[in-house]
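# Breakdown of the fold
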Amino acid sequence: MKLWSAWTRDVAPHVSQCPATVIEFEIRNAAQTFFRGSRAWREVTGYFPVTAGQQTVLVEPSDPTHELVELDSSFVMLDNKRLPPITPEQLDSLYTEDWTTLTGMPDNHYCLTPNQVSLFRIPSQNAINGLKARISITVSDTATGLPDEIANRFWDAIVVGARARLMLYKNSAWYDADMAAMYGNAFSAAIDDARLDAAQAYSGARIVARSTSKWC
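An account of the accompanying structure is given in this report.

Basis of the calculations
- Residues numbered from 1 in each chain as written.
- Predicted model: local features only at pLDDT ≥ 70, side-chain atom pairs only at ≥ 80, totals over all residues.
- Heavy atoms only, no water.
- Axes fitted to C-alpha atoms, helices over the stretch in contact; angles between N-to-C directions.
- Helix = DSSP H or I, 4+ residues; strand = E, 2+ residues; numbered from the N terminus.
- Left-handed = near helix turned anticlockwise from the far one by under 90°.
- Contact = heavy atoms within 4.5 Å.
- Nonpolar A, V, L, I, M, F, W, Y, C, P; charged D, E, K, R; others polar.
- Pairing = 2+ DSSP bridges.
- Buried < 20%, exposed > 50% of the residue type's maximum accessible area, 1.4 Å probe, protein only.

## Thoughts on the packing of helix α5 (residues 155–166) against helix α6 (residues 177–199)
Close contact between α5 and α6 brings their axes to 8 Å; oriented N to C, the two are set at 145°. The two elements α5 and α6 meet at a crossing, and its hand is left-handed. Each of Ala157, Val160, Gly161, Arg163 and Ala164 in α5 lies in contact with α6, whose residues at this interface are Ala180, Tyr183, Gly184, Ala186, Phe187 and Ala190. Of the residues assigned to the contact of α5 with α6, the class counts are eight nonpolar, two polar and one charged.

## What about the sheet that holds strand β4 (residues 66–78)?
Taken in spatial order, the four strands line up as β2-β10-β4-β5 in an open sheet, and their pairing is antiparallel. A strand with exactly one partner marks an edge of an open sheet, and here the two such strands are β2 (42–44) and β5 (81–82). Note that β4 and strand β10 (residues 131–139) share nine bridges and pair antiparallel. Bridging across to β10, Glu67 finds its partner in Thr138.

## Some points on the pairing of β4
For β4, a buried count of 12 out of 13 residues is recorded, marking the element as mostly surrounded by other parts of the structure. In the sheet, β4 pairs with β5 via two bridges, with the strands oriented antiparallel. Among the inter-strand pairings, Met77 is bridged to a residue of β5, identified as Arg82. Counting the residues between successive antiparallel strands, the hairpin from β4 to β5 contains two residues, one of them, Asp79, with a positive phi of roughly 50°.

## Comments concerning the pairing of strand β7 (residues 108–113)
Of the strand pairs in this sheet, β7 and strand β8 (residues 116–120) are connected by five bridges, and their pairing is antiparallel. Each residue of the ladder has a partner; that of Tyr110, found in β8, is Ser118. In this structure, the hairpin formed by β7 and β8 is closed by a connection of two residues.

## Remarks on the sheet that holds β8
The pairing of strands in a sheet comes from backbone hydrogen bonds and takes either a parallel or an antiparallel form. Read across the open sheet, the three strands follow the order β3-β8-β7; overall the sheet is antiparallel. Looking along the sheet, the strands with just one partner apiece sit at the ends: β3 (56–58) and β7. Within the sheet, the average angular offset between the axes of one strand and its neighbour, ignoring direction, is 30°. Summarising the sheet, β3 and β8 pair through three bridges and their orientation is antiparallel. Residue pairing in the sheet places Thr56 in a bridge with Ser118 of β8.

Next up, the structure:
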């Protein structure tokens, strides 16, 4: 685990007289912004139990100091069987009756909120394993740092993001709008690059024009 204080050596010299607590605060904020924008940090969840009659499943990261950014609707599994995504509007067009009350073996899922998977149909029996999904995550306000492998890979991006945020502190000794803009542009570019790398699964694979990956 790399604590937020580990980044201060690369940030503090550029924001002279800035308190360490403020630097660490903006390092965390930069990390949150980076992972929200890039979707570069992903995990496959464990199984969430699903019981008969349960229509929705709350999907959360395994670590309570992490927050869900998006759920990848191309990888939602119930008892190790893929549940393809469908929209409520599609279901409206397929059924004349109230489809929200139909029960049986779930065939699809849809999302009404980013972290809630709704099952279609409502399961008529308990799941054996449960539901799992692939999600992108970021750190919460209670996080004290990042796992080593994540920190090392995205170290420089978080550094420039923190510098950009800090240099916009007006009336501070380290305020510098021009440098903030420069670092801000570099931070935005790093987010874009990381999002592309993540979409290619960090393999350099070509992204097909008709992607099957969708995010709630």
